[in-house]
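Given next are the chains, with one letter for each unit.
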Amino acid sequence: MSSSTTSESTSAGFQLDRRDHVAALFWGGMLVALLPFLVKYCRAMWFQSLYQYFPFLLAAVFGLAYVRFDRRIRLPHGWFSKTATIASLIFMVGAAILASSWLGAIAFALATGGFLSAQRDHAGNSLGYLAVPMLMFIRAPLLGTYTVMHRLQLATTYLGSTLLDVLGVIHVKSGNTIELVNKSLFVAEACSGVQSLFTMCFLTLLLWAYKRRPYFLVPVYLLFAFFFAVVGNVIRVTSIAVAEAWFSFDLTEGLTHELVGYAALAIAAGMMASLDHVLGLMLGKFRPTGKQTSPSDDPISRFGDSHGFDTDSQKTVASANTANQSASNEAAASDFNFKTAFNQLPKLAKFAFVTSLACGAMMTAWMLLREPDKRPVVAKDEVLFEPKANFLSGLDAPIQVVNHEHRRDAHADRNARHGMNSDAWQCGINATQGQFALSQPYMGWHELTVCYRVLDWKLVARTPTMPTSGSDPVVVAEFTNDSGEHGTLFFTAVDSDGSIPRAPGHSNFSRSLAPLEPLIFDDFAELTGSAQTIMLQYWVTGTEPLSSETKQQVIDMMDQIRGYTSEQVAEYTDDLLGGS
């Protein structure tokens, strides 16, 4: 097909062919079913600055698909398209049962992959490669995101300091702070580079799809996107420091700060485009695939021939030459008939159509019947609850308080055990003497055993233990150190609405799934991008380990403190919201 023919068919617009009514009904039904999930999910995405590129992502993917497809709509065709569509349906059912917009978003990404894989460009090639950028539509767990953010803070500060040494700028690096002669520059989490990293990954995958590079280059492109994002952010931090040191010009806030960030992102994107050009010269001009998959090439497609998605008309269309597509224009003006199109759906496609609409209706019912979760939305360096110095005295319990330490310092080096915002009481609980701490806020459950292991305490055992009268366990962790001391940590948590988050297990499997649980169940923190958990801990050291009886007494007391904290936090939150 000549380029002139292609451009003419593209500019002529889109008119639904009568033979495509069945496929249009199927994919239209899938989209309608997914809309309730997407409304909730996209709203949550917009609250988080890390993902505010997603409207451009969707516009770019479906815009490229519209420009490149051959104006015929096909049912799932080929093993990947069918597998992705079936997987989308499975995720949609799970999303409806759990009322999970995140699982619904995965279902949407898979459905997009199934749809684009079934469609063809003007040369007869699959458009499935355009679904690869949809990877960046799926939100990562907040806990994992902020872990990456913290490491990028350290890397950015270190590399920025090194570059300032090369430029001869006098400074001192302290933690995440670059101290100049007249000013201290804190490399905040917003400046850590994680936002530019996510945006760079999106732009990189979009470039990959636009240029139709081979699939095996996707990991290579993402690796260089990470590298260039770090380089761009180091340039950003260094530029701000140089402007302050040499010209006494403040670029740390306001519009100029944002412009410096955009300029650094443009530099990183330019480096990525240059790398793509070099790879293009080295490897030649690649296409995603040149081979058309026959329905009889794989078991999944063979099953679909008689039981699944394929219709007789689609099998003919799949093998037809694009030159005879002009003959279909005579039938394009035929009116769409829902009943006729539905009756012509193959068995499996009909089942998927009905099931998906039922899932969408179930999610809509969940959204309408559930009460909205109203809580204060706070950043990671703010507090959810401001306890008083006599907080522990409010309990009618045998607790002897010795002193209280109040710590609110978001930018200084943090206490390794208590975090950036903490209240600590040196006290005695029953027969023990130790330190009770309330620290906040966290992105869900915070595994405090990690903090103590960083301080060279060796974890001996970690056991969630039930109080004598209670339904939520308190975690008990036992430690030793090289000096022969024994340490016992009792810890639990309270969310900002007063609820008690579940204490995760400690196996490798449990720890790997722990960050996904808030995503799957649409936790408030995941939907708003805010920190919503307060950790409670009691730390006791001694020459001998605590007896089982003593540990149970402390567990019961921690359960009582947790209940009291839950009530206080709920009242505090209600006051912040004006008693609503």
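Please refer to the structure higher up on the page.
Small disclaimer: the values here were computed from a predicted structure and weren't measured. (Residues numbered from 1 in each chain as written. Predicted model: local features only at pLDDT ≥ 70, side-chain atom pairs only at ≥ 80, totals over all residues. Heavy atoms only, no water.)

## A few points about the overall build of the protein
Here is step 1: From N to C terminus, the protein includes 18 helices and 10 strands.
Here is step 2: Counting only residues that meet the buried cut, the protein has 48% of its 580 residues in that class.
Here is step 3: In the protein, 75% of the contacts between residues at least 6 apart in sequence involve partners at least 24 apart.
Here is step 4: Working note: accessible area of the protein is about 27,200 Å², and carbon and sulfur atoms make up 61% of it. (Helix = DSSP H or I, 4+ residues; strand = E, 2+ residues; numbered from the N terminus. Buried < 20%, exposed > 50% of the residue type's maximum accessible area, 1.4 Å probe, protein only. Contact = heavy atoms within 4.5 Å. Areas by Shrake-Rupley, 256 points an atom, 1.4 Å probe, with all protein chains shown as cover.)

## Remarks on the sheet that holds strand 8 (residues 474-480)
Here is step 1: Overall, antiparallel pairing links the 7 strands, which are arranged 4-5-6-10-9-8-7 in an open sheet. Bordering the open sheet on either side are strand 4 (399-408) and strand 7 (458-465), each of which pairs with just one other strand. Looking at each pair of strands side by side, their axes are set apart by 20° on average, direction ignored.
Here is step 2: Sheet strands in contact with helix 18 (residues 548-576) are strand 4, strand 5 (421-429), strand 6 (432-442), strand 7, strand 8, strand 9 (486-495) and strand 10 (533-542), and its direction is about 25° off that of strand 9. (Pairing = 2+ DSSP bridges. Axes fitted to C-alpha atoms, helices over the stretch in contact; angles between N-to-C directions.)

## Remarks on the pairing of strand 6
Here is step 1: For strand 6, the buried fraction is high: 10 of the 11 residues fall into the buried class.
Here is step 2: Alignment of strand 5 against strand 6, held across 9 bridges, turns out to be antiparallel. Each residue of the ladder has a partner; that of Ser 422, found in strand 6, is Ser 439.
Here is step 3: Where strand 5 hands over to strand 6, the hairpin turn is made up of 2 residues, of which Asn 430 adopts a positive phi near 55°.
Here is step 4: With 6 bridges connecting them, strand 6 and strand 10 associate as antiparallel partners.

## Quick notes on the environment of Gln 400
Here is step 1: As for its position among the elements, Gln 400 is in strand 4.
Here is step 2: Look at Gln 400 and you get partly exposed, because its relative accessible area is 42%.
Here is step 3: When the C-alpha positions of Gln 400 and Asn 430 are compared, they lie 8.6 Å apart, and in sequence the two are 30 residues distant.
Here is step 4: Ignoring any residue separated from it by four or fewer positions in sequence, one finds Gln 400 in contact with Gln 426, Cys 427, Gly 428 and Asn 430.

## Side note on the packing of helix 2 (residues 21-47) against helix 13 (residues 347-369)
Here is step 1: Between helix 2 and helix 13, whose axes approach to 9 Å, the crossing angle comes to 20°. Classified by the angle their axes make, helix 2 and helix 13 are roughly parallel. Seen from above, helix 2 lies across helix 13 with left-handed handedness. Contact residues: helix 2 offers Leu 25, Phe 26, Gly 29, Met 30, Val 32, Ala 33, Pro 36, Phe 37 and Lys 40, while helix 13 offers Ala 349, Ala 352, Phe 353, Ser 356, Leu 357, Cys 359, Gly 360, Met 363, Thr 364 and Met 367.
Here is step 2: Grouping the amino acids of the contact of helix 2 with helix 13 by side-chain chemistry returns 14 nonpolar, 4 polar and 1 charged. (Parallel < 35°, antiparallel > 145°, perpendicular 65-115°, else oblique. Left-handed = near helix turned anticlockwise from the far one by under 90°. Nonpolar A, V, L, I, M, F, W, Y, C, P; charged D, E, K, R; others polar.)

## Some details on the side chain of His 122
Here is step 1: Within the fold, His 122 resides in the loop between helix 5 (101-118) and helix 6 (142-167).
Here is step 2: The class of His 122 is buried, set by a relative accessible area of 12%.
Here is step 3: Polar side-chain contacts of His 122 include one of 3.4 Å to the backbone oxygen of Phe 69. (Polar contact = N/O pair within 3.5 Å; in protein donor to acceptor, adjacent residues only side chain to side chain.)

## Considering the packing of helix 6 against helix 8 (residues 218-247)
Here is step 1: Between helix 6 and helix 8, the least distance of the axes is 9 Å, while the angle of their chain directions is 55°. In terms of their interaxial angle, helix 6 and helix 8 are classed as oblique. Helix 8 is crossed by helix 6, and the crossing has right-handed handedness. Seen from helix 6, the contacting residues are Leu 152, Thr 156, Leu 159, Gly 160, Leu 163, Leu 164 and Leu 167; seen from helix 8, they are Phe 226, Val 230, Asn 233, Val 234, Val 237, Thr 238, Ala 241, Val 242 and Trp 246.
Here is step 2: Grouping the amino acids of the contact of helix 6 with helix 8 by side-chain chemistry returns 12 nonpolar, 4 polar and no charged.

## Describing the packing of aromatic side chains
Here is step 1: In this structure the tally under the stated criterion is 30 aromatic pairs.
Here is step 2: Members of the aromatic cluster, each reached through a chain of ring pairs, are Tyr 41, Trp 46, Phe 54, Phe 62, Phe 108 and Phe 137.
Here is step 3: The ring centre of Phe 342 lies 5.2 Å from the NZ or CZ of Lys 350, which sits over that ring. (Phe/Tyr/Trp six-rings, centres within 6.5 Å; stacked < 30°, edge-to-face > 60°. Lys NZ or Arg CZ within 6 Å of the ring centre and 35° of its normal.)

## Let's talk about the pattern of salt bridges
Here is step 1: The final tally for this structure, using the stated rule, is 16 salt bridges.
Here is step 2: Put simply, Lys 40 and Asp 522 hold a salt bridge, and the shortest N to O gap is 3.2 Å. With Lys 40 in helix 2 and Asp 522 in the loop between helix 16 (516-520) and helix 17 (524-528), this residue pair connects regions lying 482 residues apart in the sequence.
Here is step 3: A relative accessible area of 22% places Lys 40 in the partly exposed class.
Here is step 4: By relative accessible area, which is 7% here, Asp 522 ends up buried.
Here is step 5: Residues participating in the shared-partner salt-bridge network are Lys 211, Arg 213 and Asp 276. (Salt bridge = Lys/Arg side-chain N within 4 Å of Asp/Glu carboxyl O.)

## Some details on a nonpolar patch on the surface
Here is step 1: Residues Val 39, Val 93, Ile 97, Leu 98, Met 362, Trp 366, Met 367 and Phe 521 make up a contiguous nonpolar surface patch of roughly 680 Å² in combined accessible area.
Here is step 2: Of all the secondary structure elements, the ones that give two or more residues to the nonpolar patch are helix 4 (79-98) and helix 13.
Here is step 3: Residue placement: Trp 366 occurs in helix 13.
Here is step 4: In this structure Trp 366 comes out as partly exposed when scored by relative accessible area, which is 31%. (Patch = residues over 30% accessible without salt bridge, like charges linked within 9 Å, V, L, I, M, F, W, Y side chains within 5 Å.)

No statement about biological role is implied by the geometric values presented.
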